[in-house]
Amino acid sequence: MLKIAMLGIWNHYHANEFLDTFLRKKEVVVAWAWDTDPNRGKAWANEKGILYIEDLREGLRKNRVDGVVLNAEPWRQAQIIAVAMEEQVHILADKIVALGKEQIEMLKKAAANYKGVFSVAYPLEGRAVFQTARKLIADGRLGQLVSLHIHQAHDGLRNKWLPEHFYKEVKGGVLLELGFPVFYLAPYLTGEKVVEVASIGSSLAGEAMEDTAAVLLRLRSGAIAVEEASYMNRFSSFSFDIHGTDGSFVMEENSKKLWLNTGDGWRMVEEEKALQSPEEDWLLAIQRNSVPRHGLEDGLVQAGWLAEVYKELTRTKMLLGEEGGIS
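Treat the numbers as computed from the prediction; the structure is a model and nothing was measured. (Residues numbered from 1 in each chain as written. Predicted model: local features only at pLDDT ≥ 70, side-chain atom pairs only at ≥ 80, totals over all residues. Heavy atoms only, no water.)

1. Observations concerning the pairing of strand β7 (residues 145-153)
Among the nine residues in β7, seven count as buried, and that is most of the element. Examined bridge by bridge, β7 and strand β11 (residues 238-244) share seven bridges and lie antiparallel to one another. Note on β11: the bridge partner recorded for I150 is F240. With seven bridges joining them, β7 and strand β10 (residues 224-230) adopt parallel strand pairing. Across the sheet, the residue bridging to H149 is V226, located in β10. (Buried < 20%, exposed > 50% of the residue type's maximum accessible area, 1.4 Å probe, protein only. Helix = DSSP H or I, 4+ residues; strand = E, 2+ residues; numbered from the N terminus. Pairing = 2+ DSSP bridges.)

2. Re the packing of helix α4 (residues 77-86) against helix α5 (residues 101-110)
At their nearest, the axes of α4 and α5 sit 10 Å apart, and the two run at 5° to each other. When the axis of α4 is compared with that of α5, the two are roughly parallel. Contacts from A78, Q79, I81, A82 and M85 of α4 reach α5 at Q103, M106, L107 and A110. Partitioned by chemical class, the residues of the contact of α4 with α5 number seven nonpolar, two polar and no charged. (Axes fitted to C-alpha atoms, helices over the stretch in contact; angles between N-to-C directions. Parallel < 35°, antiparallel > 145°, perpendicular 65-115°, else oblique. Contact = heavy atoms within 4.5 Å. Nonpolar A, V, L, I, M, F, W, Y, C, P; charged D, E, K, R; others polar.)

3. Comments concerning the sheet that holds strand β1 (residues 2-7)
Ordered in space as β3-β2-β1-β4-β5-β6, the six strands form an open sheet in which the pairing is parallel. Unpaired on one side and paired on the other, β3 (51-52) and β6 (118-121) mark the two borders of the sheet. Where strand β5 (residues 90-94) and β6 come together, four bridges link them in parallel fashion. Counterpart to L92 in the pairing with β6 is S119. The strands touched by α4 are β1, β2 (28-34), β4 (67-70), β5 and β6; relative to β5, the strand with the most contacts, the crossing angle is about 170°. Contacting β1, β2, β4, β5 and β6, helix α8 (residues 278-288) runs over the sheet at an angle of about 165° to β5.

4. Re the nonpolar core
With 108 residues, the main nonpolar core has F22, V68, V97, F118, F240 and F249 as its most contacted residues. Other than its neighbours up to four places away in sequence, F249 contacts V129, T132, A133, L136, L142, F240, D241, I242, L258, W259, L260 and V269. (Core = buried A, V, L, I, M, F, W, Y, C linked by side-chain atoms within 4.5 Å.)

5. Concerning the confidence of the model for the protein
Across the protein, the average pLDDT comes to 93, with 96% of residues at or above 70. The low-confidence segment residues 318-327 (pLDDT under 50) makes 11 contacts with residues lying over four places distant or belonging to another chain. (pLDDT = per-residue confidence, 0-100.)

6. Focus: the sheet that holds strand β9 (residues 212-219)
One open sheet holds the eight strands; their spatial order is β8-β9-β10-β7-β11-β12-β13-β14, and the pairing between them is mixed. Either end of the sheet is taken by a strand with one partner, and the two such strands are β8 (194-202) and β14 (267-268). Strands β7, β8, β9, β10 and β11 of the sheet are contacted by helix α7 (residues 181-190), whose axis makes an angle of about 145° with β7.

7. Some thoughts on the side chain of H149
Counting through the fold element by element, H149 comes out in strand β7. Polar side-chain contacts of H149 include one of 3.1 Å to the side chain of E228. Filtering out sequence-adjacent residues up to four positions away, H149 remains in contact with V226, E228, S239, F240 and D241. (Polar contact = N/O pair within 3.5 Å; in protein donor to acceptor, adjacent residues only side chain to side chain.)

8. Here we look at the packing of aromatic side chains
Summed over the entire model, instances satisfying the criterion amount to 10 aromatic pairs. Aromatic side chains F22 and W282 sit 6.0 Å apart centroid to centroid with 70° between the ring planes, which places their arrangement in the edge-to-face category. With F22 in helix α1 (residues 12-23) and W282 in helix α8, the pair connects residues that are 260 residues apart, well separated along the chain. For W282, a relative accessible area of 0% corresponds to the buried category. On the numbers, 4.8 Å between centres and 70° between planes, the contact of F130 with F240 is edge-to-face. Of this pair, F130 sits in helix α6 (residues 128-138) while F240 sits in strand β11, placing them 110 residues apart in sequence. The pair formed by F130 and F240 is uniform in burial state, with each residue classed as buried. One aromatic cluster is present, formed by Y122, F180, F183 and Y184 through successive ring pairs. For the cation-ring pair, R134 lies above Y188, with the distance from its terminal atom to the ring centre recorded as 4.0 Å. (Phe/Tyr/Trp six-rings, centres within 6.5 Å; stacked < 30°, edge-to-face > 60°. Lys NZ or Arg CZ within 6 Å of the ring centre and 35° of its normal.)

9. Here's the deal with the environment of D35
The topology assignment puts D35 in the loop between β2 and α2 (38-48). Relative accessible area serves as the criterion here: at 2%, D35 is assigned to the buried category. Sequence spacing of D35 and W10 is 25 residues, and the spatial spacing of their C-alpha atoms is 7.8 Å. Here D35 is in contact with G8, I9, W10, R40, G41 and Y52, once residues within four sequence places are set aside. Reaching out from D35, the side chain makes a polar contact with the side chain of R40 at a distance of 2.6 Å.

10. A look at α5
Among all positions in α5, only Q103, I104 and L107 are buried. Along α5, the residues classed as buried sweep out an arc of 105° about the axis, all on the same side. Facing away from the buried surface of α5 by more than 90 degrees, the exposed residues are K101, E102 and K109. (Arc of directions from axis to C-beta.)

Below, the structure written as structure tokens:
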């Protein structure tokens, strides 16, 4: 039996997804939870019927678990990861492992003596639409890659259903959530490294963080990957398309149907099989003592590019006479 603890309830949606997955696994027991905000953590743990631990280090030492799932504020993830590494427990970290060069270097040092299975959860990657796109690119059906485009949005800030801790006293905005997937999807789908990043952001709601933003990545081949994200858009939640010199692949937003045109008109294509979830991949790696899909090295690469993006956003805000950004 594998005992795990839930560390951080910052993104309640992801916390619930992680928990639901583990509760369905007969070989897993969710032993306890902890959060950077005790009130938030206790409320969530009570709702789910899970023991809440007040002190993280004491919990890891006295209420021993085999693994931990991290879902804390992105700017606090690195410190919590370092503590978990000291205790030699397996770690599944949600998306962003560090913010800024100082945190990246800290994790590199912490990992030197770490012996557990470390995995980064990139939840969108395994979806059927992205597996289909990856195969089309690998098979050369689109020709030389030209561009990749992702759009993700909801109206959580505009209509105030997004929890305040997403936009009050934060060190980043929509790029830490809806705007982040392009950092891992672009290299995963294309097999190429990112060589340059650029970004622009706005605060339409007047908060300190960016609620609407775009990220532009240049890949080694010269192809461009773009993601637009917003907490202010009500009707367009997700769209995805890829274009090459010989073809285009588009996911229809409303129906989610997949369309391909390689010169003989638009036609629907069948989805490839989705991959197992990051949680399942992590559990399998622990059970088999194998390597998960994405380890710490991948997480640090994406964290480095994210740090560059926020540097640019900070410079832009300074030019506009505004404050904000990640130090």
